[in-house]
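Next come the chains, spelled out residue by residue.
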Amino acid sequence: ESPEANNNDTEVKEENAEANGANEEAAADAEFTIRAGIGLNNEHPQYKGLEKFKEIVEEETDGAIHVETYHSGQLGDDRTMMEALQLGSQEVTVPSTAPIANFVSDFSIFDFPFLFPNSEVADEVLDGEVGQKFLDKLDDQNLKGLAYWENGFRDLTNSEKEVASVDDFEGLTIRTMENDLHLDAFRAMGANPTPMAFTELFTALQQGTVDGQENPFATIYLEGFYEVQDYVSDTHHIYSPFVFLMSKSFYDTLPEDYQEVVDNAALEAGKYQRELNREANDEYLDSLVEEGMTFTEISDEAREEMRLAIEPVVEEYAAELDQDLVNEVYQAIEDAQK
Ligand code: KDG
């Protein structure tokens, strides 16, 4: 719990701290150090959001809290980082809800395919009362959920063929996140899904271990997947929220005024991150085409066919969750569209 215990750096962490310009003095002067890690790279709006969090926290605590930011899975993949938060050997990570569902199963509702019609509705539901109820469920896992950020609507890429309809999924091996609902949804569409940590993905695509993957345009472009993938379709099949997580045992050691600072900084940095993410999303698709990818537009009818193919899976998973909560989410989505 002492600041020293908080600082058992490995080599990679030290290197990165330097790259961050986090000079040793700043770290030594600080009462608390937050090591914040993500899986995506430092070009991604997610990382810009993390930098914003650092800026706000360091400024508002006059450097008493020092934030070190890590990207590209330098501290591990989503699962590993969440476990590190539970153990108190890392303070912050911002995973997708999909891997969070392995810790608190109710979170799988946010990955129901075609749940949110658009990101504005997602904001309203996640930032509202219902969203908070899910964050509260993380406490038991020694995780403190401070805010929802945005990964975004997921789109399919592959190296084999144009995918325009549900029939085209037949036989494609697709990497999914480590989440049973994602696996079952892709099976229901006839694909051959295989779960894998994000940190393994580029190599798997490059070596042809899998034919395809699905992620928002921002990730597909900024991670250079166009170098190893030829086809992209705007399936928009799942809206992926990010959750800004802090180790709860660390959060509990912070004095109340600092807790308030990190609460607000996580929210404010999240707003900034969502804005950046949305501003650039269409441009990223244009850039993918410029890089030589073939873009296939999914028609409303084709998307409806996909939804119908997945519907039994959604019903099966919904039946296993807390029914009151499921109904509250559906109601909140309806209300947000009024
Ligand atoms: O930083 C978050 C990433 O590690 C991950 O959640 C990104 O959507 C993602 C994926 O496909 O693994």
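Above this text is the structure in question.
Keep in mind the model is a prediction, meaning the values are calculated, not measured.

A. Focus on the site of the ligand. Lining the immediate surroundings of the ligand are 14 residues, of which Gly-39, Asp-78, Ser-96, Asn-151 and Arg-175 lie closest. Gly-39 places a polar main-chain atom, nitrogen or oxygen, 2.8 Å from an oxygen atom of the ligand. Gln-46 places a polar side-chain atom, nitrogen or oxygen, 2.9 Å from an oxygen atom of the ligand. Residues that form the shell around the ligand fall into these classes: 6 nonpolar, 5 polar and 3 charged.

B. Quick look at the environment of Lys-271. Topologically, Lys-271 is positioned in helix H12 (residues 256-290). For the pair formed by Lys-271 and Leu-126, sequence separation is 145 residues and the distance between their alpha carbons is 13 Å.

C. Here's a closer look at the environment of Leu-146. Assignment of secondary structure puts Leu-146 in strand S4 (residues 143-153). Residue classification places Leu-146 among the buried residues on the basis of a relative accessible area of 11%. Along the primary structure Leu-146 and Ser-247 are separated by 101 residues, whereas in three dimensions their C-alpha atoms are 10 Å apart. Filtering out sequence-adjacent residues up to four positions away, Leu-146 remains in contact with Leu-135, Phe-244, Met-246, Tyr-251, Val-262, Asp-263, Ala-266 and Leu-267.

D. Representation of the pairing of strand S8 (residues 212-215) within the structure. Every second residue of S8 is oriented toward a common face, with Gly-212 and Glu-214 on one face and Gln-213 and Asn-215 on the other, all of them buried. Note that strand S6 (residues 173-176) and S8 share 2 bridges and pair parallel. When the sheet's bridge partners are listed, Arg-175 is paired in S8 with Gln-213.

Criteria and cut-off values
- Residues numbered from 1 in each chain as written.
- Predicted model: local features only at pLDDT ≥ 70, side-chain atom pairs only at ≥ 80, totals over all residues.
- Heavy atoms only, no water.
- Near = heavy atom within 4 Å.
- Polar contact = N/O pair within 3.5 Å; in protein donor to acceptor, adjacent residues only side chain to side chain.
- Nonpolar A, V, L, I, M, F, W, Y, C, P; charged D, E, K, R; others polar.
- Helix = DSSP H or I, 4+ residues; strand = E, 2+ residues; numbered from the N terminus.
- Buried < 20%, exposed > 50% of the residue type's maximum accessible area, 1.4 Å probe, protein only.
- Contact = heavy atoms within 4.5 Å.
- Pairing = 2+ DSSP bridges.

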